[in-house]
Amino acid sequence: MSEDAPLRASLARLIRTGGPITIARYMAEALGHPTHGYYRRADPLGAAGDFITAPEISQMFGELLGLWAVACWHQIGAPAPVLLVELGPGRGTLMADALRAARAAAPAFCDAAAIHLVETSPVLRARQAERLATDKQGARITWHDRLDSVPDGPMILLANEFFDALPIHQFVRQADGWHERLVGLQAGALVPVLSAAPSPAATALPDTIHDRPPGAIGEVCPAGLALVREIAARLTAHGGAALIIDYGPAASAPGDSLQAVRRHRYVDVFAEPGLADLTAHVDFAALAGAAEKAGARAHGPRPQGHFLGALGLAERARRLRANATPAQARDIEAAMRRLAGEREMGALFKALALTGPSQPPPAGFEP
Ligand code: SAH
C-alpha cells in the first residue's frame, strides 16, 4: 500500500458498520465516489497517466468512427436534427477527430448533429470542453450525468472503453450454489470474502455459466445491461445506431476479469481504491442479447482489428503517411499495429453495433 488511499478508510468504516459490500458497490465507490472516486479526482488518461486508449493512440481511430457515424446517418435517411451521443468521452479526443473527419466528408451531418456527452467527471468535462471549443460544434454540446437526460430522437451513439468501467457482481460456485464475492475487512485491509449463503442474485448469470462446477467464477454487469436496454429502446423508437467498443470475449466466459491498473501496471484490486483504474471484461453476448430482447438489432461483435480494417484503416494510414516525415510514418505504422494487431488491441477488443429493428447492418458489420 504505497500511498494513502482516502477511500480505504471510508470503505473500512462502511464495512465495519454494515458488513461486507458487493464488488459492484466497491467498484462504484472506487470509481465514482464524489470526492475520492478515481474518475472524479484527475485525468487518468495518456502516457503520463494510468492507461492509454485507442483514440489517444491515433487520430485514425476517431476519424474512422466519425465516418462510421456519417454512414449510419445516411442509412437512416439523414434526419436533421440527429443526436450524436458519446458515453464517457475521456479527453474529447475521439469526438474531436470524429467531427473533423465527418465535417470533411459530410458537412450536412455536422450541421444536423446535436452533441450530447455523458460524463460524470468534472475534470474530464473540462478537458472535453477545452478540446471541442475550437470546433465549430463547440456551442452545441450538452453534458449529462446519465443517458436518461438526453432528449429523444434519432441517435448515433459512440462508447469506447465505457462499459468496462461499469460495476460488476461476481459469484463463486460452491457445492451448494453460487455465493456472491464480497469485500470484507481483515486486520484493517480490504479483502475478498464470500457471502455466507448462496445468492439469489446469481440467477442473473448467463445460462452458459450457470452450470459450471464448484470453484468457477461468474460475472454479471446489471448497470451495463440496463444501459443497453435503454439504448435499444431509443433505437427501436426513433432509429439510429450505437457502437460499443471495449475489451472482452465475444461469448460469455467464466473467470475473474476484474483488474486494477495504475501507471500502466497491474496492481492489487483491493489495495488502492480511488487511486487505480478498475475495469472488467465486457460480456458482449450478454449485451447483444439484452439489446435484442428490448427490440433492437445487434450486429457483431467483431474483433476491433477486423472492424477497423473494414472501415479502411490501412487506406487511412496510407494517406496520412503520404504527407508524413519518416519518423511520423513509423509512428503511423506502429499505431496501426497497436489498434488492429492480433496480439495487441485487434483481437481482445470487440466492436458491437446496435440498430433499430428494421435497419441493415451498419458499416463494418456487413456479413
Ligand atoms: N472513451 C474515452 C475514455 C475512456 S475512460 C477514451 O476512449 O479515451 C472512461 C470514461 O468514462 C471517462 O471519461 C470516465 O470519466 C467516464 N465514466 C466512467 N464511469 C462513468 C459513469 N458511470 N457515468 C458517466 N461517465 C463515466
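Placed above this text is the structure.
Residues numbered from 1 in each chain as written. Predicted model: local features only at pLDDT ≥ 70, side-chain atom pairs only at ≥ 80, totals over all residues. Heavy atoms only, no water.

(A) Region of the structure containing unusual backbone geometry. Cis rather than trans, the peptide bond between alanine 80 and proline 81 has omega equal to 0°. Here proline 81 is to be found in the loop between α5 (59-75) and β2 (82-87). The peptide bond linking glycine 300 to proline 301 adopts the cis configuration, its omega dihedral lying at 5°. Of note, proline 301 is situated in strand β14 (residues 297-303). Its identity is not glycine, yet histidine 264 carries a phi of approximately 65°, on the positive side. Note that histidine 264 resides in the loop between β11 (259-262) and β12 (265-267). (Helix = DSSP H or I, 4+ residues; strand = E, 2+ residues; numbered from the N terminus.)

(B) Here's a closer look at the environment of valine 85. Counting through the fold element by element, valine 85 comes out in strand β2. Put simply, valine 85 and alanine 204 are 119 residues apart on the chain and 29 Å apart in space, counted from C-alpha to C-alpha. Excluding residues that lie within four positions of it along the chain, valine 85 makes contacts with His116, Val118, Leu147, Val150, Met155, Ile156, Leu157 and Leu158. (Contact = heavy atoms within 4.5 Å.)

(C) Spotlight on the packing of aromatic side chains. Summed over all chains, the structure comprises six aromatic pairs. Centroid distance tryptophan 73 to phenylalanine 109: 5.4 Å. Interplanar angle 65°. Geometry classified as edge-to-face. With tryptophan 73 in helix α5 and phenylalanine 109 in helix α7 (residues 107-112), this pair connects stretches of sequence that are 36 residues apart. Pair check on accessibility: tryptophan 73 and phenylalanine 109 agree, each one buried. (Phe/Tyr/Trp six-rings, centres within 6.5 Å; stacked < 30°, edge-to-face > 60°. Buried < 20%, exposed > 50% of the residue type's maximum accessible area, 1.4 Å probe, protein only.)

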